[in-house]
Amino acid sequence: MNIFCVTNSELNFLEKLPVKLAGVGRRKFSKKYITCLKGKNIQKKEKNYSELTFHYWFWKNKLKFYDSNTWIGFCQKRRFWMKSNKRVSSFNDLKKNIISRP
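Residues numbered from 1 in each chain as written. Predicted model: local features only at pLDDT ≥ 70, side-chain atom pairs only at ≥ 80, totals over all residues. Heavy atoms only, no water.

1. Topic: the overall build of the protein chain
Argument step 1. Within the protein chain, the regular secondary structure consists of 3 helices and 4 strands.
Argument step 2. Listed N to C, the secondary structure of the protein chain is β-β-β-α-α-β-α in terms of helices and strands.
Argument step 3. The C-alpha atoms of the protein chain give a radius of gyration of 14 Å, which matches the 13 Å a tight globule of 102 residues would have.
Argument step 4. Viewed in the frame of its principal axes, the protein chain has a C-alpha envelope of about 40 × 30 × 25 Å.
Argument step 5. In the protein chain, buried positions account for 32% of the 102 residues. (Helix = DSSP H or I, 4+ residues; strand = E, 2+ residues; numbered from the N terminus. Rg over C-alpha atoms; globule rule 2.2 N^0.38 Å. Buried < 20%, exposed > 50% of the residue type's maximum accessible area, 1.4 Å probe, protein only.)

See below:
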């Protein structure tokens, strides 16, 4: 399972989660983050579409490298795929309850 967390800024707490990091926007990102600046992209529309520019880039440039049995998901820096509807009250709760496999 591959969950890509799309963000417009580098955040230390994201780097501790079991997700792949994707950076969007004009900022420079460290090598921990995938960006959608190369390959077929719609970066010029980023101002209006933000994380959707990454979704497009992934579809056009990376999806072909995954087989049909691979689960792929996308989340945002404040919205995650969780195992239950339980309210998360700490980072440890988040880390424990974030989905990391189908």
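2. Focus: the sheet that holds strand β1 (residues 2-7)
Argument step 1. Strands sit in the order β3-β2-β1-β4 across an open sheet of 4 strands; the sheet is parallel. Edge strands, defined here as strands with exactly one partner in the open sheet, are β3 (33-35) and β4 (72-76). With direction set aside, neighbouring strand axes in the sheet form an average angle of 35°.
Argument step 2. As judged from the 5 bridges shared by β1 and β4, these two strands associate in the parallel manner. In the strand pairing of β4, phenylalanine 4 is matched with phenylalanine 74. (Pairing = 2+ DSSP bridges. Axes fitted to C-alpha atoms, helices over the stretch in contact; angles between N-to-C directions.)

3. Considering the pairing of strand β2 (residues 20-23)
Argument step 1. Pairing of β1 with β2 involves 4 bridges; the strand directions are parallel. Residue pairing in the sheet places cysteine 5 in a bridge with leucine 21 of β2.

4. Some details on helix α2 (residues 51-61)
Argument step 1. Taken together, the buried positions of α2 are occupied by Thr53, Phe54, Trp57, Phe58 and Asn61. Taken around the axis of α2, the buried residues stretch over an arc of 135°, which confines them to a single face.
Argument step 2. Those residues of α2 that are buried lie in contact with β1, β2, β3, α1 (46-49) and β4. (Arc of directions from axis to C-beta. Contact = heavy atoms within 4.5 Å.)

5. Looking at the pairing of β1
Argument step 1. The element β1 is largely enclosed, with a buried count of 6 among its 6 residues.
Argument step 2. Both faces of β1 are covered, namely the face carrying Asn2, Phe4 and Val6 and the face carrying Ile3, Cys5 and Thr7.

6. Some words on the pattern of salt bridges
Argument step 1. For the structure on display, the rule yields 2 salt bridges.
Argument step 2. Of the charged contacts in the structure, one is a salt bridge between lysine 32 and glutamate 15, with a shortest N-O distance of 3.0 Å. Highlighted residues: lysine 32 in the loop between β2 and β3 and glutamate 15 in the loop between β1 and β2, separated in sequence by 17 residues.
Argument step 3. You can call glutamate 15 partly exposed: its relative accessible area is 25%.
Argument step 4. For aspartate 93, the salt bridge goes to lysine 86, with nearest N and O atoms at 3.9 Å. (Salt bridge = Lys/Arg side-chain N within 4 Å of Asp/Glu carboxyl O.)

7. So, the side chain of aspartate 93
Argument step 1. Tracing the sequence through the fold places aspartate 93 in helix α3 (residues 91-97).
Argument step 2. Among the residues examined, aspartate 93 registers a relative accessible area of 13% and is labelled buried.
Argument step 3. Looking at aspartate 93, its side chain comes within polar contact range of the side chain of serine 89, at 2.9 Å.
Argument step 4. The residues contacting aspartate 93, other than those within four sequence positions of it, are Lys86, Arg87 and Val88. (Polar contact = N/O pair within 3.5 Å; in protein donor to acceptor, adjacent residues only side chain to side chain.)

Honestly, it's all geometry; don't read function into it.
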